[in-house]
Amino acid sequence: MEPPPRDDAAFSASFRCFAGCEGSFPLTRPIYRCPTCDGLLEVRHDTAALRTRSAATWRKLFDDRYKRTVWPYGSGVWGKREWVAPEVPDDLIVSTDEGGTNLFWAERLGKEIGVSDLWVKQCGNAHSGSFKDLGMTVLVSVVRQAIAQGALKARVVACASTGDTSASLAAYGAACGLPVAVLLPRGLVSTAQLVQPLAHGATVLALDTDFDGCMTIVRELARRELVYLANSMNPLRIEGQKTVAIEIAQQFDWEVPDWVVLPSGNLGNAAALYAGFKMMVDLGLTARLPRLCVAQAENANPMYRAYVAHDETVASIKAKRSLASAIQIGSPVSAPRAMAALRAMDGVVEQASEDELADACARADRTGLYTCPHTGVALAATFKLRAQGLIRETDRVVVVSTANALKFTEFKMGYHDRTLAVESRRANAPILLPPDVEQVSEAIRRIAS
Ligand SMILES: *Cc1c(COP(=O)(O)O)cnc(C)c1O
Ligand SMILES: [Zn+2]
């Protein structure tokens, strides 16, 4: 007797042009732009097939799988595989048990700013220390599937990176034995971020340019079919990253918050959040979309500028140096996708200066968080929206923390020893004392007074 067909065999997805040109392409095809208009691609799911299951059935399925151990469903990404990349066989999935990150109720910080329902989604508590793992597990798994099908000429997977994409790609590549090359802007990533791909054995190319310069080169390498492109121009990344939206709703028992605030650079994650929230509405799991705040560093703010000028398109700028190095991007690849997300989610764009992001980090850390500079940008934006009254006292607000602050020790230390070019209003330096009980006692007494 034939075995019954695999339950998810009916679900499928393909690449389509984001602007709506004709044509669809298998996810295993190394294609990154629409062959007709050269625009961005997106992953389109067979929604009719997904609708054959009720919203209640999907919710229960996702809840039953959440953080359990049956391969590969304990992963926050693969637990939603039918919505992500339904056709990857189990044995080709490369997973580090991504997702399932904690939601921190920022009660004290919320009280300080007058928001009673403030949460931080800790995406940095991940295998490689940033949310990039959510997308990379999908991309690397599909690459293995493409290799297994003989559909891939390139044997090296590569990316341009501001530090976290390369760390994640190097980890997933090493986990399955794929050769990885990463292009980094020399001197613009943290020590930890540089060490990560080195430790995983990736070929690390440190180029004397910025992220946008690295991106131009890696796109040309992909065009020459020397490498498979792992940047978020490749919509496979967005499919994995969109599960953070689903997970946020799931963690609130399938309710969506009023606001999501997201630190953004290349703008792929903004598109991913929208894709996740929209899919839940389309399939009836949730009733509405949250409002979106795209938070940018003032020194790298092309989307903010477009927003303020009411422009439909985001013009490239030369990004200036920012402590929020992972979002120091002047020419965001996913700008058209993010503009669509902003429109649909009644969104706003806010920015944070270097002083503001550093102060927001220090303030949040005083309440028990430990925040990377990008999360600082999102928190500073949140403070501003609250002060403007756009965020109301009773709104449920989720700030997405994109990376683990342990990767940014230079930033933290520099703030507290006052060597950064920002105002260190909350600096806390160690007190150097001899091993003398009286002097130590005196220092302790000063806490109480
Ligand atoms: C990649 C990254 C971002 C920005 O995400 P985009 O999709 O490029 O907008 C923000 N914060 C951190 C820590 C990142 O690594
Ligand atoms: Zn097109």
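Residues numbered from 1 in each chain as written. Chains lettered and ligands numbered in written order. Predicted model: local features only at pLDDT ≥ 70, side-chain atom pairs only at ≥ 80, totals over all residues. Heavy atoms only, no water.

A. Representation of the overall build of the chain. Helices and strands together make up the secondary structure of the chain, namely 17 helices and 13 strands. Here the C-alpha radius of gyration of the chain, 22 Å, is about what a compact globule of 449 residues would show, namely 22 Å. The dimensions of the chain, computed from C-alpha atoms along their principal axes, are 85 × 50 × 50 Å. Taking as baseline every contact in the chain between residues at least 6 positions apart, the subset at least 24 positions apart corresponds to 70%. (Helix = DSSP H or I, 4+ residues; strand = E, 2+ residues; numbered from the N terminus. Rg over C-alpha atoms; globule rule 2.2 N^0.38 Å. Contact = heavy atoms within 4.5 Å.)

B. Region of interest: the pattern of salt bridges. With the rule as written, the count across this model stands at 27 salt bridges. Across the pair K318 and D210 runs a salt bridge, and its minimum N-O distance is 3.0 Å. Here the residue K318 occupies a position in the loop between α12 (302-308) and α13 (335-344), and D210 occupies one in the loop between β8 (203-207) and α8 (211-223), the gap between them amounting to 108 residues. On the accessibility criterion, D210 (13% relative accessible area) is buried. In the salt-bridge network here, residues are joined through shared partners; they are D359, E423, R425 and R426. (Salt bridge = Lys/Arg side-chain N within 4 Å of Asp/Glu carboxyl O. Buried < 20%, exposed > 50% of the residue type's maximum accessible area, 1.4 Å probe, protein only.)

C. Broad picture of the sheet that holds strand β9 (residues 227-229). Strand order in the open sheet formed by four strands is β8-β7-β6-β9, with parallel pairing between adjacent strands. One side of each edge strand has no neighbouring strand; the edge strands of this open sheet are β8 and β9. For this sheet, the mean inter-axis angle between neighbouring strands, taken without regard to orientation, is 30°. Two strands pair when backbone bridges link them, and strand β7 (residues 180-185) and β8 are joined in this way by five bridges, in the parallel orientation. (Pairing = 2+ DSSP bridges. Axes fitted to C-alpha atoms, helices over the stretch in contact; angles between N-to-C directions.)

D. Representation of the packing of aromatic side chains in the model. On inspection of all chains with the given rule, the structure shows eight aromatic pairs. Summarising the aromatic geometry, the rings of W119 and F252 are spaced 5.1 Å apart at their centres and angled 85° between planes, so their arrangement reads as edge-to-face. Placement of W119 in strand β5 (residues 117-122) and of F252 in the loop between α10 (243-251) and β10 (259-263) is noted, with a sequence separation of 133 residues between them. Accessibility expressed as a relative area gives 8% for F252, which makes it buried. In this structure an aromatic cluster arises from ring pairing among F11, W58, F62, W83 and W254. We note R363 situated over the ring of F383; from NZ or CZ to the ring centre the distance is 5.0 Å. (Phe/Tyr/Trp six-rings, centres within 6.5 Å; stacked < 30°, edge-to-face > 60°. Lys NZ or Arg CZ within 6 Å of the ring centre and 35° of its normal.)

E. Geometry of the coordination of the zinc ion (ligand 2). Around the zinc ion (ligand 2), the protein contributes the donor atoms C17 (SG), C21 (SG), C34 (SG) and C37 (SG), at 2.3 to 2.4 Å from the metal centre. Given four donor atoms and angles of 107 to 111° at the metal, the environment of the zinc ion (ligand 2) is assigned as tetrahedral. Of note, the donors binding the zinc ion (ligand 2) are all from one chain and are spaced C-x3-C-x12-C-x2-C. (Donors = N, O, S within 2.8 Å, 3.2 Å for Na, K, Ca; no water. Tetrahedral: all angles 85-135°; square planar, octahedral: opposite > 155°, others 65-115°.)

F. Representation of unusual backbone geometry within the structure. The linkage connecting W71 with the following residue, P72, adopts the cis geometry, with an omega of -5°. Along the polypeptide, P72 turns up in the loop between α2 (55-65) and α3 (81-84). Of note in the backbone geometry, D97 takes a positive phi value of approximately 65° without being a glycine. Turning to its location among the elements, D97 is positioned in the loop between α3 and β4 (103-105).

G. Focus on the sheet that holds strand β11 (residues 291-297). Read across the open sheet, the six strands follow the order β4-β5-β13-β10-β11-β12; overall the sheet is mixed. The open sheet terminates on both sides in strands that have one partner only, identified here as β4 and β12 (348-352). Between one strand axis and the next, the sheet turns by 25° as a mean value, whatever way the strands run. Of the pairings in the sheet, the one linking β10 to strand β13 (residues 396-401) comprises three bridges and is parallel in character. Among the inter-strand pairings, V261 is bridged to a residue of β13, identified as V399.

H. Region of the structure containing the nonpolar core. Counting residues in hydrophobic clusters, the biggest one holds 101 residues, and the most contacted among them are W83, L139, L285 and M303. For this core, the leading source of residues is helix α5 (residues 132-148), giving eight residues. Not counting the four nearest positions on each side in its chain, L285 is found in contact with A55, W58, R59, F62, W83, W254 and M280. Counting residues in hydrophobic clusters, the runner-up holds 40 residues, among them I113, V115, I327 and A352. (Core = buried A, V, L, I, M, F, W, Y, C linked by side-chain atoms within 4.5 Å.)

I. Examining the site of ligand 1 more closely. Within the structure, ligand 1 sits among 15 residues, and K132, D164, L267, N269 and T402 are positioned closest to it. Taking K132, its side chain carries an N or O atom lying 2.7 Å from an oxygen atom of ligand 1. Within the complex, 97% of the 380 Å² of free accessible area of ligand 1 lies under protein. The pocket occupied by ligand 1, as judged from atoms lying within 2 Å of grid points, is the largest cavity. Classifying every residue of the shell around ligand 1 gives six nonpolar, seven polar and two charged. (Near = heavy atom within 4 Å. Polar contact = N/O pair within 3.5 Å; in protein donor to acceptor, adjacent residues only side chain to side chain. Areas by Shrake-Rupley, 256 points an atom, 1.4 Å probe, with all protein chains shown as cover. 1 Å grid on protein atoms, 1.4 Å probe; cavity = no way out; pocket = protein on both sides within 12 Å on 5 of 7 lines; lining within 4 Å. Sits in = over half its atoms within 2 Å of the grid points. Nonpolar A, V, L, I, M, F, W, Y, C, P; charged D, E, K, R; others polar.)

J. Main features of the side chain of S334. Mapped onto the secondary structure, S334 falls in the loop between α12 and α13. A residue is classified by how much of its surface remains accessible, and S334, at 0% relative accessible area, is buried. Residues within four places of S334 in sequence aside, it is in contact with L40, S232, I238, N266, L267 and G268.

K. Molecular detail of the packing of helix α6 (residues 164-176) against helix α7 (residues 191-199). Where α6 contacts α7, the axes come no closer than 8 Å and their chain directions differ by 25°. Regarding the angle of α6 to α7, the classification is roughly parallel. Crossing handedness for the pair α6 and α7: left-handed. Every residue of α7 that contacts α6 at D164, S166, A167 and A170 is listed here: Q193, Q196 and P197. Across the contact of α6 with α7, the residue classes break down as three nonpolar, three polar and one charged. (Parallel < 35°, antiparallel > 145°, perpendicular 65-115°, else oblique. Left-handed = near helix turned anticlockwise from the far one by under 90°.)

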